Amino acid sequence: MNNIWTLLPILFVLTGSVLVLLLEVFLKREKKEYLGFISIIFLLLSGTSCVLFWNKGFSYFNGGLFLDRLALLLSLLFIIGTALIILISMKYLSLQNTNHGEYYSLLLFALIGILIMVSSTDLIIIFLGLEVLSMSSYALAGLKRSDKKSGEAALKYFLLGSFASAFLVYGIALLYGASKSTEIFSIMNYFQSDSTQAILVISGLGMLIIGFGFKIAIVPFHMWTPDVYEGSPTPVTAFFSVCPKAAGFAVLIRLFGPYFKQITDTKSIFMVLWLLSVLTMITGNLLALRQKNIKRILAYSSIAHAGYIMIAILAKSYYSLVFYLTVYLFMNIGAFSAVIALSKQDKEYLELDDYAGIGFRYPWIGATLSLFLLSLAGFPPTGGFLAKFYVFSEAVHKGLTPLVIIGVMASLISVFYYLRIIVYMYMREPSHSFKIYENNPALFLALFICLYGVIQLGLFPGNVLLFIKQAVASLPF
Amino acid sequence: MNIPLLSIVTFLPAAGALLFIFINRKQENLIRYTALFISIINFILSLFLYFNFNGQTAEPQFVEKARWIGYGIHYHIGIDGISLFLVLLTTFLMPIVILSSWNSVKDKVKEYHIFMLLLGTGIIGVFVSLNLFLFYVFWEAMLIPMYFLIGIWGGKRKIYATLKFVIFTMFGSLLMLVAIFVLYSIFYKTAGTYSLNIFDYYQLVLNPNIQIWLFLAFGLAFAIKVPMFPFHTWLPDAHVEAPTAGSVILAGVLLKMGAYGFLRFALPLFPDAAKKFIPYLAVLSLIGIIYGALMALIQKDMKSLVAYSSVSHMGLIMLAVFALNMESLEGAVYQMLNHGLSTGALFLCVGILYERAHTRLIKDYGGVSRQMPVFAALFLICMLSSVGLPGLNGFVGEILCLFGVFQSSKLLAILGVSTIILAAAYLLWMYQRVMQGPLENKKIFNFKDLSLREIGFLVPIVLLMFFMGIFPKPFLRKMDASIEHLLKQVHRAETYVVDKEAYIKPSLKISEIDINHNTKENRTETEDNE
């Protein structure tokens, strides 16, 4: 039952994180980019261990922490995501005069939090993971110490984040108070047998929805997103927009999977989630229309995407959810990488006007960014289309056709603002001279990986889909 | 013989576009010649399709099938008598438009040809797909190159026009996507297996109430594409702002995708709903005919005149489609080809004038025929073909259409004839004002007659116009069987007893050979949740 190997992926990341902190002291300023490579080596080790454990199914802490296939798959996904983030950060940090050591180690700590979150069904352990993730995130947001916006982002994130955590703990307490357990399955079993306390499960779950709704940035818990995304250093924004969000969804799978399976009367929670999904899709997309800053556009777009993913939860189709997360990881990190690629020493180009004409000046970056945007908008033959295809088709299959119609109409709105970026890139004359810093092989490697991911998942998702289905099939709900 | 000819015809342009990545952008002529060469090769290959096509059978031919993603999503292409000609039309127009933009596109030549060739693949893909997923992929993917073509090489209001084009089209097609999901789900629930194969869906007998919604969703997508009144507003903008080649492709082939969609999907898939809506759709088509023609009469800009004439002509085609009999459908398909040729040619002619004077306003011209006699002759033929002069292709198509419409409704046919009368009015009036009369504008004195290149792309069209006007038989005979089969599909509704309880008859036959082996296990697991 208890197997210490369970901790191996986390331990690798932890070792990497501590080692980076220690080594930083001994490295000269110019050589600090090596710390990135060290982190990546440990991420690779951790990822390899995830792959090797695929057929094993370990658990530890009396089942408090376990590695089922879903946990392994998601862990692997997050490890890849973090590795991509590190690749795109290396030159960025040097150019922006930010410290390397703290950055990598905080990023790895955040990853540890995520890894804990996805491999547990115990609410307390999930909460622990979430806090590890959140604390590192707050610090990461404020990493650009000389920039006031970055400080503002950190403070906002911290205040609102702790508020959300309070809701979360309160929700857990309510559920625990009634069922005397913090483990999701036993909580659900308890409420299944004792339906007189439906009000407790509803209010408890409501609190949890608020807490996690903050993490995954759904409307109306999204207010922090644009400011934090705009203020944080761009690679950190890329990280925020993908990893914590996806981890939140992973927890929601584990939470609502048993809930929808075991509780008979799920109508009220279902309605709440339905409404939140609609609100998120519509508000996110509408607000994105008015933005002029590319980071803010992507922030609102990531809110809207959370809305689409919510549909998968409502449809109880978890393979399509995980597939969406996979595609989303590549296309969103890809889009941010392209934004980072379009920056020079000590200056980032983030306003839409800056993008005028760059499609022809930097054809490769322009084409790549366009592809990511088209994928985000859901055009075939990119991964974004297939991701939406699966989520929406599963939802229709479960009779959620009105929701899907709202969803596709919301994505029609999104087409407008994604295409507007492309309009600037290709159809406007450049407004000022534009020079980017091109000697950045790590970044281009990350761009290439994301590009490959988006195209591969769009045209031949077969194997990935097979693994995802295996992982979901192993779930007990 | 196991050459995947149809796949080659479909993907050769895209492969050519990939090749361009390795060509230096400064070698503009090399790029132009390569694009022209690829498109001509593609046309020649597509001629093999024509000559090897068996007109006796309605079965799809040159079928290619391969496993792709699974769960009903497969690579499945083939052509029948209807799609054959639309593919041919596309491959015929491609070299012409590439030739026509030889001088007019001067900057970003490489990107221009990349998008042009990608567009070719997208359009051909739409016509050959037999799997709904594949069809939708091409249908949407084709928007992207067109978006760039209008947006980068377009006129003054190009950004407005291109966004309007994309948003309008996507509005319809996203609702169609939802309808596809519904079909996909219904098929799974009734047959127990996944399929997106169009022939499987032909065998579905759907509840008429569901059919109504599905027909509306599909119909809206196609009606926007055609475009039928009142969804036509994107068309004049897109046409006026698009570069000449873009207009030619847009009018020549893109609009046909809408009509083709009705023939292939909306009508045969949902026959009961189609029967219900056909009267309204026919009236809308009629409004389109008259409205488009009247709008064309008052246009000051030659390009928007031709654009509105498209609305009017497509109205006649749709009217014929909805008449649903042998003559009308043959006429409709034939007229699609005619419209592709004649309107395409008219846009080319306007483009030729524009290249010389850089204005499209009718009032800036006058007496051009004195300076450009060869052009005047060719322009006149193209116009008369559009008007429907006997001996030219337009006549055959229009007469067949009107015969067919007359059989189903005399009133509609009588009103529909106005398309010919009004076309004669607005086109001949334009010709008179532009080509004849006193030569007042000094610029026109410097006009040179057509260059060899310009003759090179106009003459093939004109020759084909005569050929199709005098010998329609080689075209019509190849489509007979397919259209007969289509009619059977659409009229099958009456032979079934409507079963309001179930979506479908239990006696459904599944033609899909490939049933995914792990379909069942995975599905049972998710269904337990319900």
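Residues numbered from 1 in each chain as written. Chains lettered and ligands numbered in written order. Predicted model: local features only at pLDDT ≥ 70, side-chain atom pairs only at ≥ 80, totals over all residues.

(A) The overall build of chain A, seen in detail. From N to C terminus, chain A includes 19 helices and four strands. Relative to the globule expectation of 23 Å for 477 residues, the C-alpha radius of gyration of chain A, 21 Å, shows essentially globular dimensions. Expressed along its principal axes, the backbone C-alpha trace of chain A runs to roughly 70 × 55 × 40 Å. Residues classed as buried in chain A amount to 59% of the 477 residues present. Here the analysis covers contacts within chain A between residues at least 6 apart in sequence; of these, 80% occur between residues at least 24 apart. (Helix = DSSP H or I, 4+ residues; strand = E, 2+ residues; numbered from the N terminus. Rg over C-alpha atoms; globule rule 2.2 N^0.38 Å. Buried ≥ 20, exposed ≤ 12 C-beta atoms within 10 Å, placed from the backbone. Contact = placed C-beta atoms within 7 Å.)

(B) Examining the nonpolar core more closely. Within the largest apolar cluster, 386 residues are counted, with the highest numbers of intra-cluster contacts made by Leu107(A), Tyr324(A) and Leu319(B). When sequence neighbours within four positions are dropped, the list of residues in contact with Leu107(A) reads Thr82(A), Ile85(A), Ile86(A), Leu140(A) and Phe239(A). (Core = buried A, V, L, I, M, F, W, Y, C linked by C-beta atoms within 7 Å.)

(C) Layout of the packing of helix α1 (residues 5–20) of chain B against helix α2 (residues 28–51) of chain B. Residues and elements named next belong to chain B. The N-to-C vectors of α1 and α2 enclose an angle of 175°; their axes lie 9 Å apart at closest approach. Between α1 and α2, the angle falls in the class roughly antiparallel. Two secondary-structure elements touch here, α1 through Leu 5, Leu 6, Ile 8, Val 9, Leu 12, Pro 13, Gly 16 and Phe 20 and α2 through Ile 31, Thr 34, Ala 35, Ile 38, Ser 39, Ile 41, Asn 42, Leu 45, Ser 46, Phe 48 and Leu 49. (Axes fitted to C-alpha atoms, helices over the stretch in contact; angles between N-to-C directions. Parallel < 35°, antiparallel > 145°, perpendicular 65-115°, else oblique.)

(D) Local environment of the interface of chain B and chain A. If you look at the interface, chain B gives 29 residues, while chain A gives 29 residues. The set of elements that each furnish at least two residues to the side of chain B that touches chain A consists of β1 (61–70), α5 (132–141), α6 (143–153), α7 (158–191) and α22 (519–527) of chain B. It is α7(B) that contributes the most residues to the side of chain B that touches chain A, 15 residues altogether. Tallied by class, residues from the side of chain B that touches chain A come to 19 nonpolar, six polar and four charged. (Nonpolar A, V, L, I, M, F, W, Y, C, P; charged D, E, K, R; others polar.)

(E) Representation of unusual backbone geometry within the structure. Omega for the peptide link from Pro380(A) to Pro381(A) comes to 0°, which places this bond in the cis form. Checked against the element boundaries, Pro381(A) lands in the loop between α15 (363–377) and α16 (383–397). Residue Pro230(B) follows Phe229(B) across a cis peptide bond; omega there is 0°. Its identity as a non-glycine residue notwithstanding, Lys180(A) has a phi of 55°, on the positive side. The topology assignment puts Lys180(A) in the loop between α6 (148–179) and α7 (184–193). Under the C-beta neighbour-count criterion, Lys180(A) is labelled exposed, with 10 such atoms within 10 Å. In this structure, Ala217(A) is a non-glycine residue whose phi angle is positive, near 60°. By the element assignment, Ala217(A) lies in the loop between α8 (198–215) and α9 (224–231).

Limitation: the analysis is restricted to geometry and does not speak to function.
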